[in-house]
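Overview (structure and organization)
What follows is each chain in one-letter form.
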Amino acid sequence: MTTTDVTKEAEDSGPGGYAAARLRLLTEGARSGPPRRAALAELTDGWLAGLFAAGAGGAKGVALVATGGYGRGELSPRSDLDLLLLHDGGDDKAVAALADRLWYPVWDLGLALDHSVRTPAEARKTAGEDLKVHLGLLDARHLAGDPGLTAALRTTVLADWRNQAPKRLPELRDLCAERAERQGELRFLLEPDLKEARGGLRDATALRAVAASWLADAPREGLAAARRRLLDVRDALHLATGRATDRLALQEQDQVAAELGLLDADALLRQVYEAARVISYAGDVTWREVGRVLRARSVRPRLRALLGGGKPVPERSPLAEGVVEQDGEVVLARTARPERDPVLPLRAAAAAAQAGLPLSLHAVRRLAATAGPLPTPWPAEAREQLVTLLGSGGPTVQVWEALEAEGLITRLLPDWERVRCRPQRNAVHVWTVDRHLIETAVRASGFARRVHRPDLLLVAALLHDIGKGWPGDHSVAGETIARDVAARIGFDRADAAVLATLVRHHLLLVETATRRDLDDPATVRTVAEAVGSEGTLELLHALTEADALATGPAAWSSWRGSLVADLVKRVSAVLAGDPPAEPEAGAPTAEQERLAVEAFRTGAPVLALRAQTEPSADAAPAGPSPAAGPEPLGVELLIAVPDQPGVLPAVAGVLALHRLTVRTAELRSLPLPDGVDGSVLLLDWRVAAEYGSLPQATRLRADLVRALDGTLDVAARLAERDAAYPRRRGVAPPPPRVTVAPAASRLATVIEVRAQDAPGLLFRLGRALEGAGVRVRSAHVSTLGANAVDAFYVTGAEGAPLLGEEAVSVARELEELLRA
């Protein structure tokens with residue numbers, strides 16, 4: 001059945017016929033995208049025209065007008081119907097009756113309706129007072145009644161828009177900026193709003209309005225396709241959910257991807273991000289042009305008066321060979337010859353970033369169309385210009401995006417294509433892979449003064465996650481890519497090896513510092529062997545901090561920074577020729593001894609809390625701090641308790657009940673005085689309050705006493721609290737994984753747990769380890785977003801590392817517990 005046949009059926013059969021025809025149209029598998037939207041609009045046009053004809057009774061001076069998205073013919077399955085009943089101010093009662101004949105059938109079918117009844121003068125006045133109404137009327141389309149009324153309104157509204165553009169466009173720009181601040185950037189969100197977020201459908205509509213003003217125009221290449229892609233995704237979302245929603249929630253992404261014939265949710269997000277990137281870039285260029293034109297209009301009359309009526313000549317200031325500044329943008333000099341100067345794209349980009357200016361659209365497109373390829377390896381100037389671009393700080397981002405929008409980045413670095421617009425399904429990451437790499441370079445530029453080879457630091461920052469476009473461990477894949485890229489852009493073999501090492505081990509310092517015992521010589525030796533030299537260690541330290549700062553607020557803190565700095569200090573000593581000292585069970589401090597004596601005397605646990613607000617001077621990381629002021633490192637919690645089973649899970653459970661997050665935990669046994677059987681277990685923990693203030697030590701001790709004697713059921717209390725929280729829908733987390741880290745320590749077996757973070761997780765793990773009959777020497781807890789990575793240094797009852805099969809068995813038991 002053709003669209004015309006369906007429309008005729010809807011007209012002949014009234015609301016019921018329209019509903020059936022609409023349902024048939026939406027369930028036709030063969031038709032989707034623009035054809036379905038157009039067909040749905042045509043079907044709705046015919047039905048509403050029929051309702052109008054039946055209700056108007058041949059009345060003159062009345063017209064039914066579609067506005068907004070419906071006016072553009074963009075009806076998604078659950079779109080609102082934006083309708084204006086336009087009348088000449090004649091018979092008000094007849095108009096009101098006609099309105100009822102139109103609106104009620106729409107409501108009866110459960111369709112959302114945005115409606116108004118106005119005269120042309122009222123519509124014009126409302127548009128002048130309300131920008132959103134004016135935008136909707138720019139897309140006014142006649143449906144039924146007097147076409148002269150609609151045509152006159154369109155002409156008037158459009159003329160008003162063009163006449164008022166100098167005032168209205170800045171208002172529209174501010175509206176877009178406010179919405180972006182509220183909704184975020186579509187191309188970086190895991191659950192984006194396809195309409196309201198920056199780079200979404202609202203911004204695409206705003207660009208149409210700018211073009212209608214005749215004041216400026218958006219870059220048209222790719223813009224229509226990007227807008228069409230977002231509309232297609234919204235259609236599929238409406239069909240998948242059965243609701244009028246624009247938010248692409250995690251739990252619906254696989255279904256929407258299937259509806260569109262895509263491989264999976266990642267393929268869907270990548271297409272959404274690519275479309276949003278095109279619209280965002282077009283918006284940046286367009287609003288910049290609007291600002292330039294408005295400034296020129298305000299200055300030109302004064303210049304003409306000063307110059308006696310002559311036409312002013314734009315000033316051009318040289319920035320680099322073939323590159324000049326003109327009117328607040330970087331453009332190519334008149335003498336530039338991109339076809340003979342393959343370094344010119346990088347030179348222009350570096351000059352723009354250094355000057356903090358945008359690259360003009362015309363310049364970028366000319367470079368993309370005419371610049372020749374760089375030879376392999378690159379000449380020294382090209383490599384230097386790339387380093388200058390990466391080292392320019394914040395302005396690097398907009399310049400890089402301008403190059404990327406015209407395909408110049410993938411031409412310079414072909415491996416970039418695999419990470420471009422690639423989503424990262426990890427709440428810790430706030431950027432896509434490609435943007436994260438640029439943000440890391442921006443952060444690394446702030447550390448250029450603290451390393452001897454800032455060029456290697458900046459290029460490593462750009463490449464450290466380049467392997468995420470390939471299957472397997474991205475660090476391993478990235479090492480090979482980094483070595484190839486380094487050779488291509490002209491680094492010698494030694495520098496290429498350093499870059500490959502930095503990419504391969506860019507996670508080594510932070511993972512080791514937060515998950516391993518730094519007092520264990522094996523830990524320090526392993527890092528020293530991987531890094532190889534003090535120069536590489538210096539670069540890796542700066543890269544680690546830049547990477548974490550560019551990941552998101554949860555990825556770096558003063559606590560992490562102090563641990564990494566401590567590890568770097570120890571590794572540096574080893575690389576300088578000083579072997580790591582074997583750990584000794586040193587004499588207890590006076591405070592530890594006092595607590596141990598008190599625990600022995602009372603036969604009960606005793607504890608002390610001590611806040612740590614600043615890292616020590618020799619452990620503080622160099623470079624700018626991520627926070628404006630000192631950040632609390634947490635609290636040291638010392639506990640002494642007569643040695644007995646169940647101490648670890650009891651302490652972990654009580655801390656969980658008091659909402660204290662454990663960062664590290666060390667356990668040691670202190671012998672009692674000569675002639676006294678038994679020992680006291682000393683626990684040295686670093687904890688932090690989830691929110692609010694720390695609990696009183698007396699309350700912690702009281703609950704710990706009850707947990708140890710069995711009168712406080714920690715497991716039941718944690719289960720009650722967990723049940724009190726509402727369950728949120730979302731994607732299922734990946735299954736937990738428990739492994740034995742090979743050769744991580746000579747003194748203990750290291751069992752590493754990766755699981756979804758949850759209240760009481762350490763309590764459950766401690767209880768399971770107790771049940772397996774192993775002793776925990778120390779625990780190193782690391783949480784990134786919803787992911788917990790905990791490392792336990794365990795021994796057998798005699799204090800020796802576990803045998804291979806025994807260690808694997810314990811790891812298997814822990815994994816089964818977490819999967820249950």
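What counts, and at which threshold
Residues numbered from 1 in each chain as written. Predicted model: local features only at pLDDT ≥ 70, side-chain atom pairs only at ≥ 80, totals over all residues. Heavy atoms only, no water. Helix = DSSP H or I, 4+ residues; strand = E, 2+ residues; numbered from the N terminus. Buried < 20%, exposed > 50% of the residue type's maximum accessible area, 1.4 Å probe, protein only. Contact = heavy atoms within 4.5 Å. Areas by Shrake-Rupley, 256 points an atom, 1.4 Å probe, with all protein chains shown as cover. Salt bridge = Lys/Arg side-chain N within 4 Å of Asp/Glu carboxyl O. Pairing = 2+ DSSP bridges. Axes fitted to C-alpha atoms, helices over the stretch in contact; angles between N-to-C directions. Parallel < 35°, antiparallel > 145°, perpendicular 65-115°, else oblique. Nonpolar A, V, L, I, M, F, W, Y, C, P; charged D, E, K, R; others polar. Phe/Tyr/Trp six-rings, centres within 6.5 Å; stacked < 30°, edge-to-face > 60°. Polar contact = N/O pair within 3.5 Å; in protein donor to acceptor, adjacent residues only side chain to side chain. Core = buried A, V, L, I, M, F, W, Y, C linked by side-chain atoms within 4.5 Å. Expected span 1.5 Å × (residues − 1). Left-handed = near helix turned anticlockwise from the far one by under 90°. pLDDT = per-residue confidence, 0-100. Right-handed = clockwise from strand over helix to strand, strands pointing away.

A few words now on the overall build of the chain. Regarding its fold elements, the chain presents 31 helices and 15 strands. Taking all 820 residues of the chain together, 52% fall into the buried category. Residue pairs at least 24 apart in sequence account for 71% of intrachain contacts in the chain once pairs closer than 6 positions are excluded. By element, 52% of the accessible surface of the chain is carried by carbon and sulfur atoms, the whole surface being about 36700 Å².

Of all the positions in helix H15 (residues 380-390), only Ala 382, Arg 383, Gln 385, Leu 386, Val 387, Leu 389 and Leu 390 are classed as buried. Buried residues along H15 sit in contact with helix H13 (344-355), helix H16 (396-405), helix H18 (433-445) and helix H19 (454-463).

The next thing to look at is the pattern of salt bridges. According to the stated counting rule, one finds 51 salt bridges in the structure shown. We note a salt bridge from Arg 198 to Glu 185, for which the minimum N-O separation is 3.1 Å. Of this pair, Arg 198 sits in the loop between helix H8 (165-183) and helix H9 (201-212) while Glu 185 sits in the loop between H8 and H9, placing them 13 residues apart in sequence. We classify Glu 185 as partly exposed; its relative accessible area is 22%. If you follow the salt bridges from partner to partner, you end up with Glu 185, Arg 187, Arg 198, Asp 284, Glu 401, Arg 435 and Glu 439 in one network.

Take unusual backbone geometry next. The omega angle of the peptide bond from Thr 376 to Pro 377 is -5 degrees, so this bond is cis rather than trans. Note that Pro 377 resides in the loop between helix H14 (361-370) and H15. With phi around 60 degrees, Cys 421 is a residue other than glycine that occupies positive phi space. On the secondary structure map, Cys 421 appears in the loop between helix H17 (408-412) and H18. Look at Cys 421 and you get buried, because its relative accessible area is 4%.

Here we come to the sheet that holds strand E7 (residues 329-332). Sheet architecture is open: three strands sit in the order E5-E6-E7, paired in antiparallel fashion. Looking at which strands have only one partner, the edges of the open sheet turn out to be strand E5 (316-320) and E7. For this sheet the average axis-to-axis angle between neighbouring strands, irrespective of direction, equals 40 degrees. Across four bridges, the pairing between strand E6 (residues 323-326) and E7 is antiparallel. If you follow Val 323 over to E7, its bridge partner there is Leu 332.

One way to put it is that helix H27 (residues 647-657) packs onto helix H30 (residues 761-771) with a least axis distance of 8 Å and a crossing angle of 170 degrees. By the angle between their axes, H27 is roughly antiparallel relative to H30. Residues Val 647, Leu 648, Pro 649, Ala 652 and Gly 653 of H27 touch H30, and the partners they reach there are Leu 762, Phe 763, Gly 766, Arg 767 and Glu 770. Class assignment for the residues of the contact of H27 with H30 results in six nonpolar, two polar and two charged.

Okay, the packing of aromatic side chains next. Summed over the entire model, instances satisfying the criterion amount to four aromatic pairs. Relative to Trp 107, the ring of Tyr 104 has its centre 5.2 Å away and its plane inclined at 90 degrees; by these criteria the two rings are edge-to-face. In this pair, Tyr 104 and Trp 107 are both assigned in helix H4 (residues 92-108), three residues apart and thus about one turn of the helix distant. You can call Tyr 104 partly exposed: its relative accessible area is 45%. Owing to a relative accessible area of 37%, Trp 107 belongs among the partly exposed residues under this scheme.

Examined against the element boundaries, His 474 turns out to sit in helix H20 (residues 474-488). Classification of His 474 as buried rests on a relative accessible area of 16%. A polar side-chain atom of His 474 sits 3.3 Å from a polar atom in the side chain of His 506. Discounting residues that sit within four places of it in the chain, His 474 has contacts with His 464, Asp 465, Gly 467, Lys 468, His 506 and Leu 507.

Leu 359, Trp 400 and Trp 416 are the most contacted members of the largest nonpolar core, which totals 95 residues. Ignoring any residue separated from it by four or fewer positions in sequence, one finds Leu 359 in contact with Arg 288, Val 330, Ala 348, Ala 349, Ala 352, Val 364, Val 399, Ala 402 and Leu 403. Residues Val 641, Leu 655, Ala 665 and Val 776 belong to the second largest nonpolar core, which totals 50 residues.

The mixed open sheet is built from four strands, whose spatial order is E3-E2-E1-E4. Strand pairing shows two members of the sheet lacking a second neighbour, strand E3 (113-118) and strand E4 (141-145), which therefore form its edges. Along the sheet, successive strands turn relative to each other by an average axial angle of 20 degrees, direction set aside. Taken together, the four bridges between strand E1 (residues 62-66) and E4 define a ladder with antiparallel strand orientation.

We now examine the side chain of Glu 545. By secondary structure assignment, the location of Glu 545 is in helix H24 (residues 534-551). On the accessibility criterion, Glu 545 (2% relative accessible area) is buried. A polar side-chain atom of Glu 545 sits 3.4 Å from a polar atom in the side chain of Arg 450.

Attention now moves to the pairing of E1. Summarising burial for E1: five of the five residues are buried, a large majority. Burial of the side chains of E1 extends over both faces: Val 62, Leu 64 and Ala 66 are buried on one face and Ala 63 and Val 65 on the other. Examined bridge by bridge, E1 and strand E2 (residues 81-87) share five bridges and lie antiparallel to one another. From the neighbouring strand, Ala 66 faces E2, where its bridge partner is Leu 83.

With 18 residues, H24 should cover 26 Å at 1.5 Å per step; its first-to-last C-alpha distance of 26 Å lies within 8% of that length. Within H24, 15 of the 18 residues are buried, which leaves it mostly tucked inside the rest of the structure.

When you line up the elements, Glu 806 lands in helix H31 (residues 804-819). Owing to a relative accessible area of 38%, Glu 806 belongs among the partly exposed residues under this scheme. Separated by 34 residues in sequence, Glu 806 and Ala 772 place their C-alpha atoms 9.8 Å apart.

Looking now at the packing of H13 against H15. Helices that pack against each other are described as a pair by the angle of their axes relative to one another and the distance between those axes. It is at 8 Å that the axes of H13 and H15 come closest, and there the two elements cross at 30 degrees. Taken together, the axes of H13 and H15 lie roughly parallel to each other. Every pair of crossing elements has a handedness; the one defined by H13 and H15 is left-handed. Counting all contacts with H13, which are made through Leu 346, Arg 347, Ala 349, Ala 350, Ala 353 and Gln 354, the residues of H15 involved are Glu 381, Ala 382, Gln 385, Leu 386, Thr 388 and Leu 389. Here the residues of the contact of H13 with H15 are counted per class, giving seven nonpolar, three polar and two charged.

Quick look at the confidence of the model for the chain now. The share of residues in the chain with pLDDT of 70 or more is 89%, and the mean pLDDT across the chain is 87. Below a pLDDT of 50 lies the segment residues 614-632, which in the model reaches 31 contacts outside its immediate sequence neighbourhood of four places, other chains included.

Where E2 meets E3, six bridges bridge the pair, whose relative direction is parallel. Bridge pairing links Leu 86 to Arg 118 in E3. Between the parallel elements E2 and E3, the chain passes through H4 in a crossover that is right-handed.

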